[in-house]
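Results of the structural survey
Residues per chain are reported as follows:
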Amino acid sequence: MRIDSNELGNHLKKQLLAVNIIHGIEPLLAQEALDLIVQSAKSKGYNVRETYVADTGFDWPSFRANCQSQSLFASQKIIDLRIPTGKPGTTGAEILTELSVSPPPDTIVIISLPKIDYRTQQSKWFDTLQKNGLLIQCNLIERSHLAQWITQRFQQQGQNITPHSAEFIANQVEGNLLAAHQEIQKLRLIFPEGPVLDSDIENAIVDVSRFQVFDLMPALYKRDLIQFERILYGLKAEAEALPLILWALNEETHLLEKTLELKNKGLRFPDIARQLYLKPLHNKFYPSLIEHCSTQLGIKLIHELHHIDRMIKGVKNGDPWHAIANWGLIFVRGFKKT
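First things first, this report covers the structure right here in the doc. Computed from a predicted model, the values in this text were never measured in an experiment.

Moving on, we get to the overall build of the protein. A count of helices and strands for the protein gives 18 helices and eight strands. In terms of overall size, the protein behaves like a compact globule, its C-alpha atoms giving a radius of gyration of 22 Å where 338 residues would be expected to give roughly 20 Å. Counting only C-alpha atoms and orienting by the principal axes, one finds that the protein spans roughly 60 × 55 × 35 Å. For the protein, contacts bridging at least 24 residues in sequence account for 77% of all contacts bridging at least 6. As displayed, the protein has an accessible area near 17,200 Å², and 51% of this comes from carbon and sulfur atoms.

Turning our attention to the side chain of Thr 120. Structurally, Thr 120 is set in helix 5 (residues 118-121). At a separation of 3.5 Å, a polar atom in the side chain of Thr 120 contacts the side chain of Lys 87. Thr 120 has contacts with Gly 86, Lys 87, Trp 125 and Phe 126, leaving out every residue within four places of it along the chain.

This part covers the pairing of strand 2 (residues 19-24). By the criterion of burial, strand 2 is predominantly enclosed, with six of the six residues buried. Inspection of the sheet shows strand 2 paired to strand 5 (residues 107-113) by five bridges, in the parallel sense. What sits directly across from Asn 20, in strand 5, is Ile 110. Where strand 2 and strand 6 (residues 134-138) come together, five bridges link them in parallel fashion. Bridge pairing in strand 6 places Ile 21 opposite Leu 135.

Tallied over the full model, the rule gives ten aromatic pairs. Taking 5.8 Å as the distance between ring centres and 90° as the angle between the ring planes, the aromatic pair formed by Trp 125 and Phe 126 counts as edge-to-face. Relative to Phe 285, the ring of Tyr 221 lies with its centre 6.0 Å away and its plane at 35°, an arrangement referred to as tilted. One end of the pair, Tyr 221, is in helix 12 (residues 216-221); the other, Phe 285, is in helix 16 (residues 280-289), and 64 residues separate them in sequence. Given a relative accessible area of 1%, Tyr 221 falls into the buried group.

The next thing to look at is the side chain of Gln 130. With respect to the element layout, Gln 130 can be found in helix 6 (residues 124-132). Setting aside chain neighbours within four positions, we find Gln 130 in contact with Met 1, Arg 2, Ile 21, Gln 121 and Leu 135.

This part covers unusual backbone geometry. A negative phi angle characterises most non-glycine residues, just as the trans form characterises most peptide bonds. Despite not being glycine, Arg 223 has its phi angle at roughly 60°, a positive value. With respect to the helices, strands and loops of the structure, Arg 223 is situated in the loop between helix 12 and helix 13 (225-237). At Tyr 277, a position not held by glycine, the phi torsion is positive, near 55°. Within the secondary structure, Tyr 277 is located in the loop between helix 15 (269-276) and helix 16.

Right, let's get into the sheet that holds strand 5. Judged by pairing direction, the sheet is parallel, and its six strands sit side by side in the order 1-6-2-5-4-3 without closing on themselves. The open sheet has two edge strands, strand 1 (2-4) and strand 3 (48-53), and neither has a second partner. When strand polarity is set aside, the average angle formed by the axes of neighbouring strands in this sheet is 20°. The pairing of strand 3 with strand 4 (residues 77-82) spans six bridges and is parallel. Following the sheet pairing, Val 48 is matched in strand 4 by Lys 77.

The rules we used
Residues numbered from 1 in each chain as written. Predicted model: local features only at pLDDT ≥ 70, side-chain atom pairs only at ≥ 80, totals over all residues. Heavy atoms only, no water. Helix = DSSP H or I, 4+ residues; strand = E, 2+ residues; numbered from the N terminus. Rg over C-alpha atoms; globule rule 2.2 N^0.38 Å. Contact = heavy atoms within 4.5 Å. Areas by Shrake-Rupley, 256 points an atom, 1.4 Å probe, with all protein chains shown as cover. Polar contact = N/O pair within 3.5 Å; in protein donor to acceptor, adjacent residues only side chain to side chain. Buried < 20%, exposed > 50% of the residue type's maximum accessible area, 1.4 Å probe, protein only. Pairing = 2+ DSSP bridges. Phe/Tyr/Trp six-rings, centres within 6.5 Å; stacked < 30°, edge-to-face > 60°. Axes fitted to C-alpha atoms, helices over the stretch in contact; angles between N-to-C directions.

Next up, the structure:
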């Protein structure tokens, strides 16, 4: 069965197939499709997740054996297989064909592929996959349709914008779906549900460079605590919204935690970078950071952000600005070389 990524949510409400194939050129839509399937599977009791990246030298026979083995602690599991090249080779093609024809019991298989060329789509293994599983296409959002996509995303988070604002945002992000997604999430934090004025959206987007919210983490990656605090208290002086600052820190910290998790599973950094769609900033600093950081520190940083969130909401006593400054200190000290 073949569907578009925007149909996946409704499909999963009706049926979760054993084999799911995600392919296309839009990394944001591919990641969202993966998250939706994993969420649906977990809601049905599939709580064990095994991730594989089939790059050069991948051990396909071992992968087959792992798929067929049953966990001692849970009977239902998710097999998350990434094939960055889109070409599994002869052995891989045979195993994928077997997997789609006869899926392992109590297992949900998710296969992530890049955009597949016409020749590969005509191959026997790919044809068998889509006939026996669910093929989710993450197609490119054309520039002419981007404003409509942006409008729909705002509606999903309870906000309404005018066609003028949708077109303004589309022009600002220059067709980059990931950038558009980031802007939409940011505006959800700044403005309440309901209509959002054109002038408010334009001012918020133009002011991002002045606010420097997204300069906070790069300062920490450089272990420059003085610069981090200078930016932070500059934001405070400009009355920046604390939820926006916390969101930016939280997004980066969760990404780092995912990177550490994959590193501990034995993945090489180039494979991690492809799997998580890391930006040039991360590719520059992460190789050094993850060599001098434990998973426990990543978890501690996330927990501290949770406490700060409770301060912002008034549930917990404390000064959130001071707490964020202290959080930066924990980050820098945690990444010191040993």
